[in-house]
Amino acid sequence: MQRLIPVLNKDHVSLHLISVINTLLTAAKEISHRLHQGSLAGTLGSTLDENIQGETQKKLDIVSNQLIKNMLLETQLVRAVASEEEDDIVEGNPDAKYLVAYDPLDGSSNIDINGSVGTIFTILEVPDHPAEGKELFLQTGDEQVAAGYILYGPSTMLVMTTGSGVRMYTLDHTVGEFLLTVEDVSIVKDTQEFGINMANQRFWSKPMSQYIGDLIAGEEGPRGKRFNMRWNAAMVADVHRLLCRGGIFTYPADCRNPAKPCKLRLLYEAMPMSFLVEQAGGRSSTGYERIMSLQPTDIHQRVSVIMGSANEVSTCLQYHKDVPCERFDG
Ligand code: F6P
Ligand code: MN
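Residues numbered from 1 in each chain as written. Chains lettered and ligands numbered in written order. Predicted model: local features only at pLDDT ≥ 70, side-chain atom pairs only at ≥ 80, totals over all residues. Heavy atoms only, no water.

Caption draft 1: Representation of empty space enclosed by the protein in the model. Evaluation of the coordinates by the stated rule reveals two cavities of 30 Å³ or more. Of the pockets and cavities examined, the largest cavity occupies roughly 70 Å³. Taken together, Glu193, Phe194, Gly195, Arg230, Asp238, Arg241, Leu242, Gly246, Gly247, Ile248 and Phe249 form the lining of the largest cavity. Sorting the residues of the lining of the largest cavity by element identifies β9 (193-195), α5 (235-245) and β11 (248-251) as the ones contributing at least two each. A volume near 50 Å³ is recorded for the second largest cavity. In this structure, the second largest cavity is lined by Leu8, Asp11, Met160, Thr161, Thr162, Ser164, Gly165, Arg167 and Tyr169. (1 Å grid on protein atoms, 1.4 Å probe; cavity = no way out; pocket = protein on both sides within 12 Å on 5 of 7 lines; lining within 4 Å. Points joined across faces, edges and corners; volume = space filled by probe spheres on them. Helix = DSSP H or I, 4+ residues; strand = E, 2+ residues; numbered from the N terminus.)

Caption draft 2: Spotlight on the pairing of strand β3 (residues 98-106). The buried count for β3 comes to nine of nine residues, which makes it a mostly enclosed element. Relative to β3, strand β1 (residues 78-83) runs parallel, the two being bridged by five bridges. Residue pairing in the sheet places Ser83 in a bridge with Tyr102 of β3. As defined by bridge partners, β3 adjoins strand β4 (residues 117-125) across seven bridges and the pair is classed as antiparallel. Looking at β4, one finds that Leu99 is bridged to Leu124. (Buried < 20%, exposed > 50% of the residue type's maximum accessible area, 1.4 Å probe, protein only. Pairing = 2+ DSSP bridges.)

Caption draft 3: The layout of surface pockets, seen in detail. Its volume calculated, the largest pocket comes out at about 440 Å³. Asp106, Gly107, Ala233, Lys263 and Glu269 are, among the 23 residues lining the largest pocket, the residues nearest its centre. Elements supplying a minimum of two residues to the lining of the largest pocket: β3, α5, β11 and β12 (264-265). When residues of the lining of the largest pocket are assigned to their parent elements, the largest contribution, three residues, is made by β3. By residue class, the composition of the lining of the largest pocket is eight nonpolar, four polar and eleven charged. (Nonpolar A, V, L, I, M, F, W, Y, C, P; charged D, E, K, R; others polar.)

Caption draft 4: Spatial organisation of the site of ligand 1. In the neighbourhood of ligand 1, the contacting residues comprise Asp106, Gly107, Asn197, Trp231, Ala233, Ala234, Met235, Phe249, Tyr251, Lys263, Leu264 and Glu269. A distance of 3.0 Å separates an oxygen atom of ligand 1 from a polar side-chain atom of Trp231. In the complex, 81% of the free accessible area of ligand 1, which totals 400 Å², lies under the protein chains. Comparing atom positions with the cavity grids shows ligand 1 to sit within the largest pocket. Counted by class, the shell around ligand 1 contains seven nonpolar, two polar and three charged residues. (Near = heavy atom within 4 Å. Polar contact = N/O pair within 3.5 Å; in protein donor to acceptor, adjacent residues only side chain to side chain. Areas by Shrake-Rupley, 256 points an atom, 1.4 Å probe, with all protein chains shown as cover. Sits in = over half its atoms within 2 Å of the grid points.)

Caption draft 5: Representation of the coordination of the manganese ion (ligand 2) within the structure. In this structure, Asp103 (OD), Asp106 (OD) and Glu269 (OE) serve as the protein donors to the manganese ion (ligand 2), at separations of 2.0 to 2.2 Å. Of note, the manganese ion (ligand 2) draws all its donor residues from one chain, in the sequence arrangement D-x2-D-x162-E. For the pair Asp103 and Asp106, a shared accessibility class is recorded, and that class is buried. (Donors = N, O, S within 2.8 Å, 3.2 Å for Na, K, Ca; no water.)

Caption draft 6: Here's a closer look at helix α2 (residues 15-37). For α2, with 23 residues, the first-to-last C-alpha span of 33 Å sits near the 33 Å given by 1.5 Å per residue. Turning to α2, its buried residues are Leu17, Ile18, Val20, Ile21, Thr23, Leu24, Leu25, Ala27, Ala28, Ile31, Ser32 and Leu35. Following α2 by one or two positions, Gly38 has its phi on the positive side, about 55°. (Expected span 1.5 Å × (residues − 1).)

Written out as structure tokens, the structure reads:
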């Protein structure tokens, strides 16, 4: 089985970019180790407790953020990082070329139930035009040079694209390396699986209510077939499923909290996942616009997400076609 670095070399990924990716993965291996240790590592729980030695325990999402941030900035190859766990960007080497945005531990409510969680990342280059601070990161998804996630499940997997397809790697704990296990990820065009938090049903927009209603109607409904529902409460695990066997995943805008119509973050959740999905032949949209084309206005901006099997996403978008996007535009 091939190791990651020779694969990236073959794709002509620059040495500096490989080094940034490799650093992220070093942090991911440490996170994976701590997750596997579970309660034994003293990093579970949701408060700043003390462990038996009287040391302060930190939540694993905070620990993960610090590991990734410190390791990336130490490389001197990174101009700045943006993280879900940081209000503002953190500056690194002012002369460096790369920007990394990440969600250190996606689906972190799963930690305490020994469920799947993940790290999502996107890597951008410093733009050509003059930009400072947060503005550096305000680039469209099409400008990403690499993106992916590490899924901490029964096995730890890296799923990544540098713009020439999607590959999956599995962490071999015995040698501490990610080995290529799926060469060319391709999402099947049609599916009978959908993922959505049904508890929000009464807050959805009309097009989404109608679309999901038609899926649930099964053989007797307009779609004429039965659909299954799957929901992990961790985007990494749900997107991983659709990359492996097709599906549609959505976290649509809703009117539950008018100040926050959308849940998922554009920069370090929707954008990298959309890059993967499109590179694997799938589709990704807000319902009204291609996510990869959106111009971000803030690093923590939220967005409505519909992604997965191309034909199924297209069907869902048909429901949105003639209905204006009203208040649900995130
Ligand atoms: O990061 C946000 C997130 O945890 C995603 O990973 C996941 O898809 C979603 O929120 C789960 O939302 P809910 O708690 O509504 O099920
Ligand atoms: Mn997340």
